[in-house]
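In case you want the letters, here they are:
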Amino acid sequence: QVQLVESGGGLVQAGGSLRLSCAASGRTFSSYDMGWFRQAPGKEREFVAGIRWNGQHTYSVKGRFTISRDTTKNTVYLQMNSLKPEDTAVYYCAAKKSDRFEYDYWGQGTQVTVSS
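Everything in this summary refers to the structure shown in the same document. (Residues numbered from 1 in each chain as written. Predicted model: local features only at pLDDT ≥ 70, side-chain atom pairs only at ≥ 80, totals over all residues. Heavy atoms only, no water.)

## Remarks on the pairing of strand 4 (residues 32-39)
Going by this rule: The cut-offs for exposure are 20% and 50% of the maximum accessible area for each residue type, with area from a 1.4 Å probe on protein chains only; residues under the lower value are buried, those over the upper are exposed, and the others partly exposed. A run of DSSP states H or I qualifies as a helix once it reaches four residues; a run of E qualifies as a strand once it reaches two. Both are numbered from the N-terminal end. At least two bridges found by DSSP between two strands are what make those strands a pair.
With 7 of its 8 residues buried, strand 4 lies for the most part within the structure. Note: strand 4 against strand 9 (residues 89-97), 8 bridges, orientation antiparallel. Bridging from a neighbouring strand, Phe 37 pairs with Tyr 92 of strand 9. Two elements, strand 4 and strand 5 (residues 46-51), share 5 bridges in a ladder whose sense is antiparallel. By the bridge assignment, Trp 36 is partnered in strand 5 with Ala 49. Here strand 4 folds back onto strand 5 in antiparallel fashion, the turn holding 6 residues, of which Gly 42 has a positive phi close to 75 degrees.

Below you can see the structure in the form of C-alpha cells.
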C-alpha cells in the first residue's frame with residue numbers, strides 16, 4: 001500500500017512558477033513509477049508528466065514542466081514554469097508498480113490557480 005500527499009499548490013500570476021511535491025509512504029517507493037495528472041473544472045483528468053522507477057521521463061506539457069524524484073526523501077516533484085491560466089486545475093500525484101499500466105494509488109490533489 002502506498003499513500004501519497006501532495007503540497008505546493010496555490011495562486012500564482014501568469015508567467016510565474018510553482019513546485020508541487022508529493023510525499024509517498026512505503027519502503028518500495030524507488031520501485032514505483034510516479035505520475036502527475038490534473039483535472040480542470042468541467043474537464044476530464046489528464047496526464048501531465050511521469051517518471052519511471054529507472055528515471056525515464058514522459059511529458060504531455062513539454063518545455064515548461066519538469067518532473068523529478070528524490071528517493072532518499074520518498075518524494076516526487078513537479079516544477080512548473082511559465083504558468084498559463086489554462087494550467088489552472090487540481091493536480092494529483094499517482095503511483096503504480098512498474099509492471100502495471102494503470103496507476104493504482106492517488107493523492108488527494110492540490111489546487112493550482114493561475115491568474116491572468
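## Description of unusual backbone geometry
The phi angle at Asn 74 is positive, at roughly 50 degrees, despite the residue not being glycine. Within the secondary structure, Asn 74 is located in the loop between strand 7 (65-70) and strand 8 (75-80).

## Section: the nonpolar core
Condition: Buried residues of nine kinds, namely Ala, Val, Leu, Ile, Met, Phe, Trp, Tyr and Cys, make up a nonpolar core once their side-chain atoms join them within 4.5 Å. Contact criterion: two residues are considered in contact whenever any of their non-hydrogen atoms come within 4.5 Å of each other.
Judged by nonpolar contacts, the single largest core of 29 residues is most densely connected at Leu 4, Met 34, Trp 36, Leu 78, Met 80 and Tyr 91. Elements that contribute at least two residues to this core include exactly strand 3 (18-24), strand 4, strand 5, strand 7, strand 8, strand 9 and strand 11 (110-115). With residues near it in sequence (within four places) discarded, Tyr 91 still touches Glu 6, Leu 20, Trp 36, Phe 37, Arg 38, Val 48, Phe 65, Leu 78, Met 80, Gly 109, Thr 110 and Val 112.

## As for the pairing of strand 1 (residues 4-7)
Only one face of strand 1 is covered, namely the face carrying Leu 4 and Glu 6; the face carrying Val 5 and Ser 7 is uncovered. Bridge analysis of strand 1 against strand 3 gives 4 bridges, and the strand direction is antiparallel. Looking at strand 3, one finds that Leu 4 is bridged to Ala 24.

## Side note on the sheet that holds strand 3
Condition: A fitted line through C-alpha atoms serves as each axis, taken over the contacting stretch for helices, and the angle formed by two N-to-C directions is quoted from 0 to 180°.
The 4 strands lie next to each other as 1-3-8-7, forming an open sheet whose pairing is antiparallel. Both outer strands of the open sheet, strand 1 and strand 7, are each paired with one neighbouring strand and no more. Taken over all neighbouring pairs, the strand axes of this sheet differ in orientation by 15 degrees on average, direction set aside. Pairing analysis gives 6 bridges linking strand 3 to strand 8, with the strands arranged antiparallel. Across the sheet, the residue bridging to Leu 20 is Leu 78, located in strand 8.

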